[in-house]
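# Topology and contacts: notes
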Amino acid sequence: MEKRKAFLRDVQNEKDERNVPIDMVGIRGLKYPIVVLDRAKGRQNTVGTFDLFVDLPRDFRGTHMSRFVEVLDRHNNRITPRNMESILSDMRAFLKADVAHINVFFPYFLRKNAPVSGISSYSSFECGFIARLNSGFDFILEVNVPVMTVCPCSKEISERGAHNQRANAKVRIRMKSLVWIEEIIEVAETSASAPIFSLLKREDEKYITELSYDNPRFVEDLSREIVLHLEKDRRITWYRVEVASQESIHNHEAYACIEKREI
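Below is a short write-up of the structure.

Conventions and cut-offs
- Residues numbered from 1 in each chain as written.
- Predicted model: local features only at pLDDT ≥ 70, side-chain atom pairs only at ≥ 80, totals over all residues.
- Heavy atoms only, no water.
- Helix = DSSP H or I, 4+ residues; strand = E, 2+ residues; numbered from the N terminus.
- Buried < 20%, exposed > 50% of the residue type's maximum accessible area, 1.4 Å probe, protein only.
- Contact = heavy atoms within 4.5 Å.
- Areas by Shrake-Rupley, 256 points an atom, 1.4 Å probe, with all protein chains shown as cover.
- Phe/Tyr/Trp six-rings, centres within 6.5 Å; stacked < 30°, edge-to-face > 60°.
- Axes fitted to C-alpha atoms, helices over the stretch in contact; angles between N-to-C directions.
- Left-handed = near helix turned anticlockwise from the far one by under 90°.
- Nonpolar A, V, L, I, M, F, W, Y, C, P; charged D, E, K, R; others polar.
- Pairing = 2+ DSSP bridges.
- Arc of directions from axis to C-beta.
- Salt bridge = Lys/Arg side-chain N within 4 Å of Asp/Glu carboxyl O.
- Parallel < 35°, antiparallel > 145°, perpendicular 65-115°, else oblique.

## Some words on the overall build of the protein chain
The number of helices and strands found in the protein chain is seven helices and nine strands. Expressed as a percentage of its 263 residues, the buried residues of the protein chain come to 45%. The contacts of the protein chain with a sequence gap of at least 6 include a subset with a gap of at least 24, amounting to 64%. Total accessible area on the protein chain is roughly 15,200 Å²; 49% of this is exposed by carbon and sulfur atoms.

## Here we look at the packing of aromatic side chains
The full count for this structure, using the stated rule, is three aromatic pairs. Relative to Phe129, the ring of Phe106 lies with its centre 5.2 Å away and its plane at 70°, an arrangement referred to as edge-to-face. A residue pair is termed long-range when its members are at least 10 positions apart, and Phe106 in strand S3 (residues 100–113) and Phe129 in strand S4 (residues 120–133) qualify at 23 residues. Both residues of the pair, Phe106 and Phe129, belong to the buried class.

## Observations regarding the packing of helix H2 (residues 65–75) against helix H3 (residues 84–95)
The N-to-C vectors of H2 and H3 enclose an angle of 145°; their axes lie 10 Å apart at closest approach. In this structure, the crossing between H2 and H3 has a hand that is right-handed. Where H2 abuts H3, its residues Arg67, Phe68, Val71, Arg74 and His75 lie against Ser86, Ile87, Asp90, Met91, Phe94 and Leu95. Residue composition of the contact of H2 with H3, by class: six nonpolar, two polar and three charged.

## Some remarks on the pairing of S3
Sheet topology places strand S2 (residues 42–56) next to S3; six bridges connect them, and they run antiparallel. By the bridge assignment for S3, Val54 is matched with Ala100. One ladder, built from 14 bridges, connects S3 with S4; its direction is antiparallel. In the sheet register, Val104 faces S4, and the bridge partner there is Phe129.

## Description of H2
Helical geometry: 3.6 residues make up each α-helical turn, so side chains three or four residues apart lie on a common side. Turning to H2, its buried residues number three or more, namely Phe68, Val71, Leu72 and His75. Looking straight down H2, one finds that the buried residues subtend no more than 100° of arc, so they occupy a single side.

## Let's talk about the pattern of salt bridges
Going through the model one piece at a time under the given rule, you end up with nine salt bridges. One salt bridge connects Glu242 with Arg240, and the closest N-O pair in it is separated by 3.3 Å. By relative accessible area, Arg240 is classed as partly exposed at 25%. Each of Glu183, Asp233 and Arg235 takes part in one network of salt bridges that share partners.

## Things to note about the packing of helix H5 (residues 181–191) against helix H7 (residues 219–232)
For the pair H5 and H7, the least separation of the axes is 9 Å and the interaxial angle reads 135°. As summarised for this structure, H5 and H7 are arranged oblique, according to the angle between their axes. Seen from above, H5 lies across H7 with right-handed handedness. Mapping the contact onto sequence places Ile184, Val187, Ala188, Thr190 and Ser191 in H5 and Leu222, Glu225, Ile226, His229 and Leu230 in H7. When grouped by side-chain class, the residues that make up the contact of H5 with H7 number six nonpolar, three polar and one charged.

## Considering unusual backbone geometry
You will see that Lys96, though not glycine, has its phi angle at about 55°, which is positive. Mapped onto the elements, Lys96 comes out in the loop between H3 and S3. On the accessibility criterion, Lys96 (61% relative accessible area) is exposed.

Take a look at the structure:
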């Protein structure tokens, strides 16, 4: 067997004569069990969908795809902002690359109590870590928060109610010290007309409906309110806030985006 292995040709290590470097090469859409930080419980088990890339020099025929999974398997017990640089460093070393990229997106579950009945249920939030390592380390946290919005214009001109809809607030931040996912969720939910829940009783539904009616928000309002909160947090060095509203009376989405310009 050892003799047979010695004659297996490694095509990926062969020299390439086309003289064209590749910016990013690797694997995409890999689902893998991971453990992330949870503010209440310490750790939370979930499933990440990974994109793992490195650069490829002009004279390399190919990269070693299996090594991406080997590196990930070494670190899958703890995927956090603090150890993301270590994972990228291993990728660079294993794959002999100058630049390494990781995008991992995962559902994050938070237990929420209904506002009146207090009944408890899980809500899911799509989150992500977007990281790159070359001459320096760059890390972005992404949190998507579904919320409810009521149209201020509709409320003003209508005699019977106002149109409302589900909106998604996508918040991306760079930070100099840890900002919890839960903190971003709280910012987005308090900035909206009302939060949403997986489980509500009738008294909760009444409360949420009336709360949202008393707090109408355009997508412009929601994005600005979130930014005002982020601007006060000295841990946050950069942000990008995108709000998309699935309009209930229009055949399109309403959209707003605010990005902090880095100095």
